[in-house]
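The lines below spell out each chain.
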Amino acid sequence: MARTPPLDPRSIVLDLLDSVLAQKRLLDESLDSEPRLSKLADRDRAFVRLLVATILRRLGQIDQVIGRCLERDLPVKAIRVRNMLRLGAAQLLFLDTPPHAAISTTVDLAKNSQLAGFAKLINAVLRRLDREGRAWVAEQDAAPLNTPSWLWQSWRATYGEDLARHIAAAHQVEAPVDITVAGDPTLWAERLEAEILPTGTLRRHGGGDVTQLPGFAEGAWWVQDLAASLPAKLMGSLKGKQVADLCAAPGGKALQLAVAGAEVTAVDRSAKRMLRFRRNLERLKLAATIVETDVAGWIPPALFDAVLLDAPCTATGTLRRHPDGVHLKGPGDVAYLADQQHALLKAAVSMVKPGGTLVYCVCSLEPQEGEAQITRLLDSGASICRDPILATEVPGLEMILTPAGEVRTLPHYLAEKGGMDAFFIARLKRLE
Ligand SMILES: C[S@@+](CC[C@H](N)C(=O)[O-])C[C@H]1O[C@@H](n2cnc3c(N)ncnc32)[C@H](O)[C@@H]1O
């Protein structure tokens, strides 16, 4: 008979770390496919998420201090031992877990597994970290340590050393929950005990299950980062217009377009992700035409008044929410996705009526996926020009506008209120 894995939060964290770091699976997918999570009490489930996210956010710092305690490196096959050390270190140095609990629970994990032979080593390393680790952490240069060098180099080259440090620091902090409401934000701000941000997005601090909040079941609002809500808002008046949302799933932006009164055609090649959009449409009692296909080869029955293209990207702009991202992506992904984005942009241009609007966006910090895409498109002779975004369209957020009239948000903007995802947004007008 197969052995049932233990229902211990820390043991689940070890399996999640293995899933992300060794098997290279997304953290959200790993969490979704972990059956033991639903059997845990809410508090333990929140602890699992916090612990795994903290380890992924602070991996560079954690591995460096562990390295200082080991006379020689652990054998490659002892990856689970390394993960046990990471788990103990994160609790001791970043989560203020009482030292005796952090150490004894980690040592017990080893003793109760096939790795009992490593229990003494784990005990010795964690005891030393308890004595000396906090002072070592205080001296660390956290920003470059927790950022893979290819990303660190890219951000330094693009934004300069100072901004790169702000960007990396923002990734160490859990993001708040942002909400877009279909109706009156003031009313819902009160009901949801949320703050209203300059763009009308509501922001709630503190965790909890959003599906249990007032208004979720009846579809009064949906979760969407402030920056992610901007592209649809920059499309102008949409009432009664034919609008295509390309790469639409799970549909946060398509919902905004529908609420603004557009006749929405939402296109995405992932039926699984579109299922979430269908559920959201139902919950919000909204309608849209759904097309499940590859945008690059799709020929629409008629041209659209406006098109939104939220292209697939490396998502380095959402590392606050998805700390697994830095461990799953590499420079090759940027080049690969940049070519896809160019093809999708060219297809999108061909779907817009002359005089119509095309908004392009990506949740990426990499200029190859943002600013350079627009230059490449315009240089290719496409029948389109920039339609610069004006400061009056982003009141209270003027710092996000570039000299070219595009939007570049960074994760530390509005830091005092909890930051925002990093997006690039460009608005274009189709020529005759
Ligand atoms: C950044 S996400 C879109 C998020 C969405 N716009 C929202 O606001 O919720 C990118 C989406 O592009 C889709 N996608 C990627 N390549 C595609 C292609 N060639 N054709 C259609 N959809 C594609 C993915 O399935 C994914 O759902």
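See the structure printed just above.
Model, not experiment: these values are computed from the prediction.

1. Examining the site of the ligand
Working step 1: Around the ligand lies a shell of 18 residues, among which Lys 253, Asp 268, Arg 273, Asp 294 and Asp 310 are the nearest.
Working step 2: Taking Gly 252, its main chain carries an N or O atom lying 3.0 Å from an oxygen atom of the ligand.
Working step 3: Within the complex, the protein chains bury 88% of what would otherwise be the 600 Å² of accessible surface of the ligand.

2. What about helix α1 (residues 9-22)?
Working step 1: Compared with an ideal rise of 1.5 Å per residue, which puts 14 residues at 20 Å, α1 spans 19 Å between its outermost C-alpha atoms and is within 8% of the ideal.
Working step 2: In terms of burial, α1 is largely enclosed, as eleven of its 14 residues are buried.
Working step 3: Its side-chain oxygen at 3.0 Å from the backbone nitrogen of Arg 10, Asp 8 defines the N-terminal cap of α1.
Working step 4: Backbone geometry just downstream of α1 places Lys 24 in the positive-phi region, at approximately 60°.

3. Quick notes on the side chain of Thr 147
Working step 1: In this structure, Thr 147 sits in the loop between α8 (142-145) and α9 (149-159).
Working step 2: Accessibility expressed as a relative area gives 7% for Thr 147, which makes it buried.
Working step 3: At 2.7 Å, the side chain of Thr 147 forms a polar contact with the backbone oxygen of Ala 143.

4. Comments concerning the sheet that holds strand β1 (residues 177-181)
Working step 1: Here four strands make up an open sheet; going across it, the order is β2-β3-β1-β4 and the pairing antiparallel. Edge positions in the open sheet fall to β2 (195-196) and β4 (221-223), since each of these has one partner strand only.
Working step 2: Sheet topology places β2 next to strand β3 (residues 202-204); two bridges connect them, and they run antiparallel. Paired with Glu 195 across the two strands is Arg 203, which belongs to β3.

Reading guide: rules and limits
Residues numbered from 1 in each chain as written. Predicted model: local features only at pLDDT ≥ 70, side-chain atom pairs only at ≥ 80, totals over all residues. Heavy atoms only, no water. Near = heavy atom within 4 Å. Polar contact = N/O pair within 3.5 Å; in protein donor to acceptor, adjacent residues only side chain to side chain. Areas by Shrake-Rupley, 256 points an atom, 1.4 Å probe, with all protein chains shown as cover. Helix = DSSP H or I, 4+ residues; strand = E, 2+ residues; numbered from the N terminus. Expected span 1.5 Å × (residues − 1). Buried < 20%, exposed > 50% of the residue type's maximum accessible area, 1.4 Å probe, protein only. Pairing = 2+ DSSP bridges.

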